[in-house]
Amino acid sequence: MPALHSRRTAVVAVALTAAALVAIPSAAAAGAGGRSDRTAAVRKAVVGGHARNVIMLLGDGMGDSEITIARNYQVGADGRLALDHLPMTGEYTTYAVQKDHPELPDYVTDSAASGTGWATGHKTYNGAISVLPDGTPVPTVLELAKRAGYRTGDVTTAELQDATPAVLVAHVVDRGCKGPQSMDGCAVNAKENGGAGSIAEQLVQTGPDVMLGGGQQYFDQVVQAGRFQGRTVAQQAQATGYQVVRTADQLSRVTPGQKVLGTFGPNNLDLEWVGPTPTAVGTASSTCSANTARTASQPHLDDMATKAISLLDRESRGSRHGFFLQIEGASIDKQDHAANPCGQIGETVEFDKAVGTAMAYQRSHPDTLVIVTADHGHTSQIVETGTTTTGATATLRTHDGADMTISYATAPIGSSQQHTGTEVRVAAAGPQAANVTGVTNQTDLFFTMARALGLRH
Ligand code: MG
Ligand code: ZN
């Protein structure tokens, strides 16, 4: 039994059992591998019209291979993750475009270009944060939703200035421009040159109601020009209405009514799981274990997702408009880059818990559109046990009690493994969910979400 036995297991097991019982009708409708005729259930799940809320969950680098690896390990080959239960599933293309020749595709995207795709409906170059190839800012779904009267939230396990959370709220020509003292690649965007400032400054200026993640170091940088010159970005946030929290305990005590900026670490948040390091000749079969070095003051992704949904739900009650919330499992990608199978699986499993939380909310609030997707494919592949590849492999004993060998071979051993250019899954439930079926383009998701929320763009 490879599933981890942490102190949270009992609570999670109860929660999952309850969710599973409630989920039977929709699971039957979605049910991959179902043997019954699902025609009527699928027909019933096709709902058009308006959504009060949109919850978009994004597994960074969570290609079909990463999903399959996590499923095999955690629930077995014939098991199903929460994200497998969404009633509408399709695939979308993820390519970027070339900066100097935007009429040509760049087949392997990064998180900045792909995020700009669903955040704005526009293709751009790798590294761009919600700007066109010529540097022109384009409005995002979060900005449009906020302007229309929706509550908004942005949650991640990475730095809040990382590409995926940044594309919703900031516009800079290079994803590296995370703080006012880190603007080397973005002279045009710097405050001292009349620009809108770094990603950290723009996060605060755009001002989502809820921002939770890492990246404290950039909020501690000093603003270089304008009204807040000489103060830190965190002080700018407080001066413009944010309560700033820095521990899981402080977050748990936040009540609705005031905007909240939670940063729970200087960089990305700590990993959930640890395990064997792949090598050129493979490893003995082993299992993953909880990362005991993880700081207890950091909330887990599902803790942040639960809090964000609760706050935004409460704050939008009685309003004509609900909320838009993005929740990112960021370190699936980062641990793929690091060729760390238990790292990436642990992050996928935690992300899947957040999906379960969003789906439970969707069942009690069916006017919510829930989307689960990824931004690009990644390196990890399931290969035959007993073989080696040109890269590094490790073997894990799964929930099935069988061995699964995972290979990382998109870069030389020891260097950062690379993204891939494959299409990835996009799944949905609720109003407008049918628009993710078939094969679509990543940029189409912007229009699906904008239509669901009735946004003018
Ligand atoms: Mg990301
Ligand atoms: Zn990456």
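Residues numbered from 1 in each chain as written. Chains lettered and ligands numbered in written order. Predicted model: local features only at pLDDT ≥ 70, side-chain atom pairs only at ≥ 80, totals over all residues.

**Re the overall build of the protein chain**
Right, on to step 1. Looking only at helices and strands, the protein chain features 15 helices and 17 strands.
Right, on to step 2. Computed over C-alpha atoms, the radius of gyration of the protein chain comes to 21 Å, within 12% of the 23 Å expected from 2.2 N^0.38 for 457 residues, which places it in the range of a compact globule.
Right, on to step 3. Counting only C-alpha atoms, the protein chain reaches 60 × 50 × 50 Å along its principal axes.
Right, on to step 4. For the protein chain, the proportion of its 457 residues judged to be buried stands at 54%.
Right, on to step 5. Looking at the protein chain alone, contacts between residues at least 24 apart form 70% of all its contacts between residues at least 6 apart. (Helix = DSSP H or I, 4+ residues; strand = E, 2+ residues; numbered from the N terminus. Rg over C-alpha atoms; globule rule 2.2 N^0.38 Å. Buried ≥ 20, exposed ≤ 12 C-beta atoms within 10 Å, placed from the backbone. Contact = placed C-beta atoms within 7 Å.)

**Section: the environment of Val 355**
Right, on to step 1. Tracing the sequence through the fold places Val 355 in helix H14 (residues 341-364).
Right, on to step 2. Val 355 sits 16 residues away from Ile 371 along the chain, and the two C-alpha atoms are 9.1 Å apart.
Right, on to step 3. Not counting chain neighbours up to four residues away, the residues in contact with Val 355 comprise Leu 57, Ala 82, Leu 83 and Val 372.

**Some details on the sheet that holds strand S7 (residues 242-245)**
Right, on to step 1. What the 10 strands build is an open sheet, ordered S7-S8-S6-S5-S11-S1-S12-S16-S2-S17; its pairing is mixed. Of all strands in the sheet, those bounded by a partner on one side alone are S7 and strand S17 (438-441). Averaged over neighbouring strand pairs, the angle between their axes works out to 15° when direction is ignored.
Right, on to step 2. Pairing between strand S6 (residues 210-214) and strand S8 (residues 259-263): 4 bridges, direction parallel. The residue of S8 that forms the bridge with Gly 213 is Thr 263.
Right, on to step 3. Each of strand S5 (151-159), S6 and strand S11 (323-329) touches helix H12 (residues 301-316); the most contacted strand, S5, lies at about 170° to it. (Pairing = 2+ DSSP bridges. Axes fitted to C-alpha atoms, helices over the stretch in contact; angles between N-to-C directions.)

**Examining the sheet that holds strand S15 (residues 403-408)**
Right, on to step 1. With antiparallel pairing, 3 strands are arranged side by side in an open sheet as S13-S15-S14. Looking along the sheet, the strands with just one partner apiece sit at the ends: strand S13 (381-383) and strand S14 (392-397). When the angles between neighbouring strand axes are averaged without regard to direction, this sheet yields 40°.
Right, on to step 2. When S13 meets S15, the two strands line up antiparallel, connected through 3 bridges. In the strand pairing of S15, Val 383 is matched with Thr 405.
Right, on to step 3. Packing of helix H4 (residues 64-74) onto the sheet brings it into contact with S13, S14 and S15, and relative to S13 it is tilted by some 60°.

**Some words on unusual backbone geometry**
Most peptide bonds are trans, and most residues other than glycine sit at a negative phi.
Right, on to step 1. In this structure, Ala 339 takes a positive phi of about 55° despite not being glycine.
Right, on to step 2. In this structure, Ala 339 sits in the loop between helix H13 (331-337) and H14.
Right, on to step 3. Overall, the presence of 28 C-beta atoms within 10 Å leaves Ala 339 in the buried class.
Right, on to step 4. Of note, the phi angle at Gln 432 is positive, near 75°, even though the residue is not glycine.
Right, on to step 5. Relative to the helices and strands, Gln 432 is located in the loop between strand S16 (424-429) and S17.
Right, on to step 6. Accessibility expressed as a C-beta count within 10 Å gives 24 for Gln 432, which makes it buried.

**As for H12**
Right, on to step 1. With 16 residues, H12 should reach 22 Å at 1.5 Å per residue; the first-to-last C-alpha distance of 22 Å fits that figure.
Right, on to step 2. Summarising the contacts, the buried residues of H12 are in contact with S5, S6, helix H11 (248-252), S11 and H14. (Expected span 1.5 Å × (residues − 1).)

**A closer look at the pairing of strand S2 (residues 88-93)**
Right, on to step 1. In the sheet, S2 pairs with S16 via 5 bridges, with the strands oriented antiparallel. In the strand pairing of S16, Met 88 is matched with Ala 428.
Right, on to step 2. With 4 bridges connecting them, S2 and S17 associate as parallel partners. By the bridge assignment for S17, Glu 91 is matched with Val 439.

**What to know about the confidence of the model for the protein chain**
Should pLDDT be low for a region, the predicted coordinates there are not to be read in detail.
Right, on to step 1. Looking at the protein chain as a whole, its pLDDT mean stands at 93, while 93% of the residues score no less than 70.
Right, on to step 2. Under a pLDDT of 50 for its full length, residues 5-32 has, in the predicted model, 23 contacts with residues more than four places off or in other chains. (pLDDT = per-residue confidence, 0-100.)

**Some thoughts on the nonpolar core**
Right, on to step 1. Membership of the largest hydrophobic core comes to 108 residues, with the highest contact counts inside it found for Leu 57, Ile 129, Ala 308, Val 370, Ile 371 and Ala 428.
Right, on to step 2. At 8 residues, H14 tops the list of elements feeding residues into this core.
Right, on to step 3. With sequence-adjacent residues up to four places away left out, Leu 57 is seen in contact with Ile 327, Ala 354, Val 355, Ala 358, Ile 371 and Val 372. (Core = buried A, V, L, I, M, F, W, Y, C linked by C-beta atoms within 7 Å.)

**Remarks on the packing of H12 against H14**
Right, on to step 1. Where H12 meets H14, the closest approach of the two axes is 8 Å, and the angle between their N-to-C directions is 25°. When the axes of H12 and H14 are compared, the pair comes out roughly parallel. In this structure, H12 meets H14 at a crossing whose hand is right-handed. Across the interface between the two elements, Leu 301, Asp 302, Ala 305, Thr 306 and Ile 309 from H12 touch Glu 350, Phe 351, Lys 353, Ala 354, Thr 357, Ala 358 and Tyr 361 from H14.
Right, on to step 2. Per-class residue counts for the contact of H12 with H14 are 7 nonpolar, 2 polar and 3 charged. (Parallel < 35°, antiparallel > 145°, perpendicular 65-115°, else oblique. Left-handed = near helix turned anticlockwise from the far one by under 90°. Nonpolar A, V, L, I, M, F, W, Y, C, P; charged D, E, K, R; others polar.)

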